[in-house]
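Remarks on the overall topology
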Amino acid sequence: MSPPIAPVGWSRWLVPPAALSIHLSIGQAYAWSVFKPPLEDALGLSGTQSALPFQLGIVMLGLSAAFGGTLVERRGPRWAMTVALVCFSSGFLLSALGAATQQFWLIVLGYGFVGGVGLGIGYISPVSTLIKWFPDRPGMATGIAIMGFGGGALIASPWSAQMLESFGSDSGGIALAFLVHGLSYAVFMLLGVLLVRVPRPRTEEQRADGATAAGPQVSARQALRTPQFWLLWVVLCMNVTAGIGILEKAAPMITDFFADTSTPVSVTAAAGFVALLSAANMAGRIGWSSTSDLIGRKNIYRVYLGAGTLMYALIALVGDSSKPLFVLCALVILSFYGGGFATIPAYLKDLFGTYQVGAIHGRLLTAWSTAGVLGPLIVNWIADRQEEAGKDGADLYGTSLLIMMALLLVGFVANELVRPVAVTSQKGAPDVRQQQSESA
């Protein structure tokens, strides 16, 4: 499948909606928790078992993005979006069969393995195309698309809940809900497949901003050999670990912090807090990534990591004495979490160029897979140990907050060590050498 080249006069503003249709769909992954209680009741699963499809899906996201990134670059966005559509929708259809026959392994295989491949390929599919269309505003362009992944759950959660209420929460109702998801997302993602275009060759038509292809053009293989890549890996991993640590345990955390106060947090209020965090996550993806176009990628990560450390310090010191302060700090941290995801493709473009930025981004997403295990493990394991020691309330999280602050400081130092790269060509192969001047 050849990449579709835009005709003369094609508006580049049609490309972000194409990317958004993919990311809004695969963003359903963040709404998996809606299906956990019905699956546990219908199939007799434990909480750990019902989490397996989601956990495998996130693992496959990182692996498929890392190993499929170069192929995505070679085949183009339409091919990648088509693969994402087929895998993600097929995953739901297999899950529907598994629920209907009460074979949980089919749900794990479908949603986790097959659907997880769709998550990874779909996540990186529009990145390099958007950056090529918007060289003047790469942070904004990738932020629009990746915002969809953060916001997909805001659509999928109430929609899934309504279907389970209408169809029933037994195995048959769950199967029908999975079936509707698979077919609906296939249609919605098809819009992106049909709409996406790549820019015309520069010799035929200048891009809208008239920019030239100055700067490094580094292959994914060469990027892995640079310290810049691994420093950014650390930066992303630390930022995501700090954010996902709160996101994964948001409801019980705010309940515990104010359990012994005169204004305890109800279950409904805790759910509302989780919704607010999702909104902050989504808003940060477009807001902070667009800001990075103005102040630079290194500076915006200084904000994420430096101000994030301050927010954690405020929660640790006075978070249990002021509910508005706790909520505000958590919202800021989650906005940095989302912003970090959306800004990293533009940061990679600044350092390595547009040549294989999608493949490089895919490899960097292994930092997300690592953080997805590390963040919840830190918060949950320490909280369990503190509870065994007889502590409660905010004391359950004091050590975790200190660890998150330390991790953010590690990320801050790694960001400070990032330097630009330059490329000299030897027989057509990119050769990377490190410059000593600091990036802006």
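Described in the following lines is the structure provided in the data block. These numbers were taken from a predicted model, which means no experiment stands behind them.

Looking now at the pattern of salt bridges. What the rule picks out here adds up to 7 salt bridges. One salt bridge in this structure joins R12 and D136, with 3.1 Å as the shortest N-O distance. A residue pair is termed long-range when its members are at least 10 positions apart, and R12 in the segment before α1 (15–26) and D136 in the loop between α7 (127–133) and α8 (138–167) qualify at 124 residues. Judged by its relative accessible area of 11%, R12 falls in the buried class. Between E40 and K36 there is a salt bridge; the shortest N-O distance is 3.8 Å. Of this pair, E40 and K36 both sit in helix α2 (residues 36–43), separated by 4 residues, roughly a single helical turn. Overlapping salt bridges bring together R12, D136 and R137 as one network.

Before going further, it helps to examine the environment of D41. Examined against the element boundaries, D41 turns out to sit in helix α2. In this structure, the C-alpha to C-alpha distance between D41 and G115, residues 74 residues apart in sequence, is 23 Å.

Its place among the elements puts D256 in helix α12 (residues 250–257). Here D256 falls in the partly exposed class, since its relative accessible area comes to 22%. Put simply, D256 and L396 are 140 residues apart on the chain and 8.1 Å apart in space, counted from C-alpha to C-alpha. If sequence neighbours within four positions are ignored, D256 has contacts with G393, A394, L396 and Y397.

Its location among the elements puts R285 in helix α13 (residues 267–295). The class of R285 is buried, set by a relative accessible area of 0%. Only 2.9 Å separates the side chain of R285 from the side chain of N281, close enough to count as a polar contact. With near-sequence residues (within four places) excluded, R285 lies in contact with Y30, Y123, G143, I146, M147, F149, G150, Y337, G338, G339, F341 and A342.

The axes of two packed helices give the description: the angle between them and the distance between them. Put simply, α8 and helix α9 (residues 171–195) touch, their axes get as near as 9 Å, and they point 135° apart. Here α8 lies oblique to α9, going by the angle between them. The handedness of the crossing between α8 and α9 comes out as right-handed. Listed contacts from α9 to A156, W159, S160, M163, L164 and F167 of α8 are G173, I174, L176, A177, V180, H181, S184 and Y185. Looking at the contact of α8 with α9, its residues break down into 10 nonpolar, 4 polar and no charged.

As a further point, take the nonpolar core. Y123, F178, F257, Y312, F352 and W368 are the most contacted members of the largest nonpolar core, which totals 117 residues. It is helix α15 (residues 323–352) that provides the largest number of residues to this core, a total of 15 residues.

Taken together, D260, D320, D384, E387, D392 and D395 make up a surface patch of like negative charges. As for its position among the elements, D260 is in the loop between α12 and α13. The exposure class of D260 is exposed, given its relative accessible area of 63%.

A cluster of nonpolar side chains, L93, F167, L176, L179 and L183, forms an exposed patch at the surface whose accessible area comes to about 390 Å². Per-element tally for the nonpolar patch: the top contributor is α9, with 3 residues. Checked against the element boundaries, L183 lands in helix α9.

In this model, Q102 sits at a positive phi of 55°, which is unusual for a non-glycine residue. As for its position among the elements, Q102 is in the loop between α5 (77–101) and α6 (104–124). Judged by relative accessible area, Q102 falls into the partly exposed class, the value being 47%.

On to the packing of aromatic side chains. Applying the stated criterion to the full structure yields 27 aromatic pairs. With centroids separated by 6.0 Å and ring planes inclined at 50°, the aromatic side chains of F92 and F178 adopt a geometry described as tilted. Taken together, the positions of F92 in helix α5 and F178 in helix α9 put the pair 86 residues apart, joining distant regions of the chain. Ring geometry for F229 versus W230: centroids 4.9 Å apart, planes at 85°, classification edge-to-face. The exposure class of W230 is partly exposed, given its relative accessible area of 45%. Of the aromatic side chains, those joined through ring pairs into one cluster are W32, F35, F88, F92, Y111, W159, F178 and Y185. We note R197 situated over the ring of W10; from NZ or CZ to the ring centre the distance is 4.7 Å.

Procedures and definitions
Residues numbered from 1 in each chain as written. Predicted model: local features only at pLDDT ≥ 70, side-chain atom pairs only at ≥ 80, totals over all residues. Heavy atoms only, no water. Salt bridge = Lys/Arg side-chain N within 4 Å of Asp/Glu carboxyl O. Helix = DSSP H or I, 4+ residues; strand = E, 2+ residues; numbered from the N terminus. Buried < 20%, exposed > 50% of the residue type's maximum accessible area, 1.4 Å probe, protein only. Contact = heavy atoms within 4.5 Å. Polar contact = N/O pair within 3.5 Å; in protein donor to acceptor, adjacent residues only side chain to side chain. Axes fitted to C-alpha atoms, helices over the stretch in contact; angles between N-to-C directions. Parallel < 35°, antiparallel > 145°, perpendicular 65-115°, else oblique. Left-handed = near helix turned anticlockwise from the far one by under 90°. Nonpolar A, V, L, I, M, F, W, Y, C, P; charged D, E, K, R; others polar. Core = buried A, V, L, I, M, F, W, Y, C linked by side-chain atoms within 4.5 Å. Patch = residues over 30% accessible without salt bridge, like charges linked within 9 Å, V, L, I, M, F, W, Y side chains within 5 Å. Areas by Shrake-Rupley, 256 points an atom, 1.4 Å probe, with all protein chains shown as cover. Lys, Arg positive; Asp, Glu negative; His and termini not counted. Charge placed at Lys NZ, Arg CZ, Asp CG, Glu CD. Phe/Tyr/Trp six-rings, centres within 6.5 Å; stacked < 30°, edge-to-face > 60°. Lys NZ or Arg CZ within 6 Å of the ring centre and 35° of its normal.

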